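Chain by chain, the residues:
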Amino acid sequence: MFLDLFYGLRDEGIPVALQEWMTLLDALRRGMHGSSLLRFYHLARACLVKSETFYDAYDRVFARVFRGVEGRFDDVADEILQWLADPKNFPNLSPEELAALERLSSDELMRRFLETLAEQTERHDGGGKWVGTGGKSPYGHGGQHPTGIRVGGPGRSRSAMKVAEDRKFRDYRTDVALDVRQMRVALKRLRQLTRTGLATELDLDETIDETCKNAGEIEMVFRAPKKNDVRLVLLMDVGGTMDPYYEPMSQLLTALHDERGLREFRPFYFHNCVYDHVYSRARLTRADAVPTGDILRSLDERWKLLIVGDAAMHPSELLEGHGGINPHNTSPTPGMTWLQRLAGHFERAVWINPDEQKLWDHTYTTRLVRRLFPMFHLSVDGLASAVQALVGARV
Amino acid sequence: MAAQQDDFHRFSGTAGYIASAPLVDAVNCAVALERPLLIKGEPGTGKTLLARHVSDGLGMPMLSWHIKSTSKAADGLYVYDTVQRLNDSRFGGGDVSDIRRYIRLGPLGQAFAAPKRQVLLIDEVDKADLEFPNDLLRELDEMRFTVIETGDEVAAKERPVVIITSNNEKELPDAFLRRCIFHYIEFPDAALMKKIVAVHHPNLDATLLDQVLIKFYWLREQSELRKKPSTSELIDWISALLRAGITPDQLEAHIPFVGALLKKEQDAEALTRFDEKSGRYPTSWKELGPRYNQ
């Protein structure tokens, strides 16, 4: 059962290594879980999980592994005994690690474990049981989030299972929610530091070296300060199918405008697809139109291109001449050609899609656009990967 | 065994700091296992304060090391003040031949060298360069280092209690994380928040407090907000309300001193618009939804 926890966490992609596991065993050996599963839950989380983004996965694994355990601790004790007796359950261990495990599985550890567990059962049988019996179990809901089925009245001390099954750390998963701060953190990495400009910063190490070479006569050495060299051009789809994403879009814009580290930042807007004009304001009026060709001419290939849109449109909007959805403003060149020009011009370009990733393949145009641009989902993870694709090492 | 048991329950929060049970467990776990404790959490949840209160609660002196973007790992151990030595050699001040005079121990070095067990706060570790935590791995593991210039070894007599805070601005390296005990300070729920407020404003009227918290949690639920108000802002806001003598009734229809809570222009404007459209603020916990039903 304990190994289930370990491997369950690893299966969920939580990076748990033997070192953390040993830390937990060490803590257990000292009896720090006290006599409650709840404290064991907190203790194991503190030792094994090193980021709040994994708390939700931990909750899910914990709930799965220890489902229905409360109240029947004899089995747990057996399992622990079994497990302690057979440390070979760990595959791929070096002899030293095995020895370390065996050292921990001393009689003392077992005895203390059994003691605390025995205490636990007694306490349960005597006092109010945590888990209801006879059909009142809160755990029969097929693994779904069991909001509102908290049985047995207002329990002041919450049980570990309830804590785990509450899954209140859902929001911290990096593959879903986003707020401005998280976006800013992700965008922080959008930088390439280079030394450019006037030498205005005192280089202390170099000054000392030069001074020593100069027999103690002080010789100041200056260098140019480090600056971010990233220039970013943003093309953002507005209106229509993007309306449901108004909130994350405006948060992304806020985060980008807040990001003062960028050397230059130019936002442009379009509707559904890029044609021969993009717009400098989200109203997309003719007065704000900027020829797409001008962008290609005036911004060199070292600018980073970030396109935000759902890439979902009618195939003719992407592939045919005069395909633009606005009848007053059509261009003879198909949108696809403009996208190809953009992708060919800029050395680094990415597409951020607010639609869920599993939907991408359902749309013909999205599949086409994905062939041109590396596409990422608008989430903390996706944004971080997009930034990596813009400034990171080439893969 | 009894003595050992006592060891783990040494920290239990102090009069000025309300800590949740999991946090207390995490602190005691880190103290007992002599591992660094890594604390994350929303800004304003008291990460930095924790160290001071652990130091108070355990009766150990505290050292802090506030990390900046220019901090280097080596600075925490010691600094060899070459410029001072050069200056002394040129203008004759003190014994230049004794290098030890120019070695100044950093916070980590001081914590190791101290005769008594210390609490060492490494604040906002994510501000520093990406490699910073990796450079400290060995020192935090073995709690010893060698001063290269003199060959002296500084080893910890008592392994300090190391508390590290992070605001999540950068990813921390795995090797570093593996050595830490981790705790994420959740945003306090209403019940815990009442206790926290009571520490700062002990004589607050109960109905007023309820109204204040309802407005506060309602504001935090609004997903349009650029920056959610935090605990410390709540405490400031209550101070302002108390000084102005606001009554619970006045709070029902209006949120005064909104500047204490909302720090972004757009957020304050959004709330003003809500006011103008005569939007109704919730006045009971029920209106906030099932999460807040008490």
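Note: the structure precedes this text.
Report follows, based on the coordinates. As the structure is a prediction and not an experimental result, all values here were calculated from the model.

Quick look at the pairing of strand β8 (residues 161-166) of chain B now. Residues and elements named next belong to chain B. Among the six residues in β8, six count as buried, and that is most of the element. Bridge count between strand β1 (residues 37-41) and β8: four bridges; the pairing is parallel. Its bridge partner being in β8, Leu-37 is matched across the sheet by Ile-163. As paired elements, strand β5 (residues 119-123) and β8 share four bridges and run parallel to each other.

Right, let's talk about the interface of chain B and chain A for a bit. In this assembly, 37 residues from chain B lie in contact with 42 residues from chain A. Carbon and sulfur atoms make up 51% of the area that chain B and chain A hide from each other, which totals about 3600 Å². Summed over the three residues of chain B that lose the most area to chain A, namely B:Arg178, B:Phe182 and B:Arg226, the buried surface amounts to 17% of that side. Between chain B and chain A we count two salt bridges in total. We note a salt bridge from B:Lys40 to A:Glu52, for which the minimum N-O separation is 3.5 Å.

The next subject is the layout of surface pockets. Residue and element names in this part refer to chain B. By volume, the second largest pocket is sized at about 1800 Å³. Lining of the second largest pocket is provided by 47 residues; of these, Ser-69, Thr-70, Ser-71, Lys-72 and Asp-129 occupy positions nearest its centre. Split by residue class, the lining of the second largest pocket holds 17 nonpolar, eight polar and 22 charged.

For the rest of this paragraph, the subject is the packing of helix α11 (residues 206-221) of chain B against helix α12 (residues 231-244) of chain B. Residues and elements named next belong to chain B. It is at 11 Å that the axes of α11 and α12 come closest, and there the two elements cross at 135 degrees. By the criterion of interaxial angle, the relationship of α11 to α12 is oblique. Relative to α12, the crossing made by α11 is right-handed. Contacts between α11 and α12 pair Leu-208, Val-212, Leu-213, Lys-215 and Phe-216 from the former with Thr-231, Leu-234, Trp-237, Ile-238, Leu-241 and Leu-242 from the latter.

Definitions and limits used
- Residues numbered from 1 in each chain as written.
- Chains lettered and ligands numbered in written order.
- Predicted model: local features only at pLDDT ≥ 70, side-chain atom pairs only at ≥ 80, totals over all residues.
- Heavy atoms only, no water.
- Buried < 20%, exposed > 50% of the residue type's maximum accessible area, 1.4 Å probe, protein only.
- Helix = DSSP H or I, 4+ residues; strand = E, 2+ residues; numbered from the N terminus.
- Pairing = 2+ DSSP bridges.
- Contact = heavy atoms within 4.5 Å.
- Buried area = accessible area lost by both parts, 1.4 Å probe.
- Salt bridge = Lys/Arg side-chain N within 4 Å of Asp/Glu carboxyl O.
- 1 Å grid on protein atoms, 1.4 Å probe; cavity = no way out; pocket = protein on both sides within 12 Å on 5 of 7 lines; lining within 4 Å.
- Points joined across faces, edges and corners; volume = space filled by probe spheres on them.
- Nonpolar A, V, L, I, M, F, W, Y, C, P; charged D, E, K, R; others polar.
- Axes fitted to C-alpha atoms, helices over the stretch in contact; angles between N-to-C directions.
- Parallel < 35°, antiparallel > 145°, perpendicular 65-115°, else oblique.
- Left-handed = near helix turned anticlockwise from the far one by under 90°.

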